[in-house]
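# Residue-level structural notes
Residue-level listing of the chains:
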Amino acid sequence: MKARAASSQIRKPARTMRWIVLLTLASAAPWVALADQRTDQPQLDLPRTRLSAGMHQIDAQVAQTPGQRQIGLMHRREMPQHEGMLFIFEQPSVQCFWMKNTLIPLTAAFVADDGSIVNLADMQPLSEKSHCSDRPVRFVLEMNQGWFDKRRIAPGYRLTGPVFQTR
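These notes cover the structure that comes with them. Fair warning: this is a prediction, and the values are worked out from it, not measured in the lab.

## Comments concerning the overall build of the protein
- Broken down by element type, the protein carries three helices and eight strands.
- Expressed as a percentage of its 167 residues, the buried residues of the protein come to 40%.
- A separation threshold of at least 6 residues defines the contact pool for the protein, and within that pool the share at least 24 residues apart is 69%.

Below you can see the structure in the form of structure tokens.
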């Protein structure tokens, strides 16, 4: 009898300790996930896709999750001229962008499903001014400021690439 009582007394604290450990791990999980997504560092390891603007090739990082889109090109000190970032949203809607924590001047091309540019917006570094699409879009391509102008690419111009639906 005494052995049984002692045994159950040992099991209860062990069981309680197991629950405490499980609850601690469960409550820490969101913080661990946030630690993996450091928001004070540039995103350099996103998937990439190739886009074309006529004869001009674009190597675009693809930001398609809410976390990737939120960080975008923040904290970058430079970006090669042929590179950009393509933001992909689940549904077309009016998309608005700002430049909080973004160190380089950019131009945002708001792009329709078929790849045609709806409108362009030049954006200044570290500004919280919103720049929005003129109509609902699912894609926004950010390039170094001046990239579109130098190539005479304007609203109505059609970009091509595997992400755009052709009709």
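Once the structure has been displayed, the description carries forward.
## Some thoughts on the pairing of strand S6 (residues 117-123)
- Among the seven residues of S6, five are classified as buried, and the element is accordingly described as predominantly covered.
- For strand S5 (residues 106-111) and S6, the ladder comprises six bridges, and the chain directions are antiparallel. Each residue of the ladder has a partner; that of Phe 110, found in S6, is Asn 119.
- The antiparallel pairing of S5 with S6 creates a hairpin that spans five residues between the two strands, and Gly 115 there sits at a positive phi of about 95 degrees.

## Notes on the sheet that holds strand S1 (residues 48-53)
- Strands sit in the order S1-S2-S3-S8-S5-S6 across an open sheet of six strands; the sheet is mixed. Of all strands in the sheet, those with a lone pairing partner are S1 and S6, marking the two edges. Geometrically, the sheet is characterised by an average inter-axis angle of 30 degrees between neighbouring strands, direction not taken into account.
- As paired strands, S1 and strand S2 (residues 56-63) are joined by six bridges and run antiparallel to one another. Bridge assignment links Ser 52 to a residue of S2, and that residue is Gln 57.

## Considering the environment of Leu 44
- Take Leu 44: it is sitting in the loop between helix H1 (2-36) and S1.
- Leu 44 gets classed as exposed once you look at its relative accessible area, which sits at 56%.
- Distance in space between the C-alpha atoms of Leu 44 and Gly 72 is 10.0 Å, their sequence separation being 28 residues.

## Observations regarding the layout of surface pockets
- Considering only enclosed or pocket space, the largest pocket measures out at about 310 Å³ in volume.
- In terms of lining, the largest pocket is formed by 20 residues, of which the most central are Arg 69, Gln 70, Ile 71, Met 74 and Trp 98.
- Elements represented by at least two residues in the lining of the largest pocket include exactly helix H2 (66-71), strand S3 (83-93) and strand S4 (96-97).
- Taken together, the residues of the lining of the largest pocket break down into eleven nonpolar, six polar and three charged.

Rules of the game
Residues numbered from 1 in each chain as written. Predicted model: local features only at pLDDT ≥ 70, side-chain atom pairs only at ≥ 80, totals over all residues. Heavy atoms only, no water. Helix = DSSP H or I, 4+ residues; strand = E, 2+ residues; numbered from the N terminus. Buried < 20%, exposed > 50% of the residue type's maximum accessible area, 1.4 Å probe, protein only. Contact = heavy atoms within 4.5 Å. Pairing = 2+ DSSP bridges. Axes fitted to C-alpha atoms, helices over the stretch in contact; angles between N-to-C directions. 1 Å grid on protein atoms, 1.4 Å probe; cavity = no way out; pocket = protein on both sides within 12 Å on 5 of 7 lines; lining within 4 Å. Points joined across faces, edges and corners; volume = space filled by probe spheres on them. Nonpolar A, V, L, I, M, F, W, Y, C, P; charged D, E, K, R; others polar.

Fair warning: the whole summary comes from geometry, so function is off the table for now.
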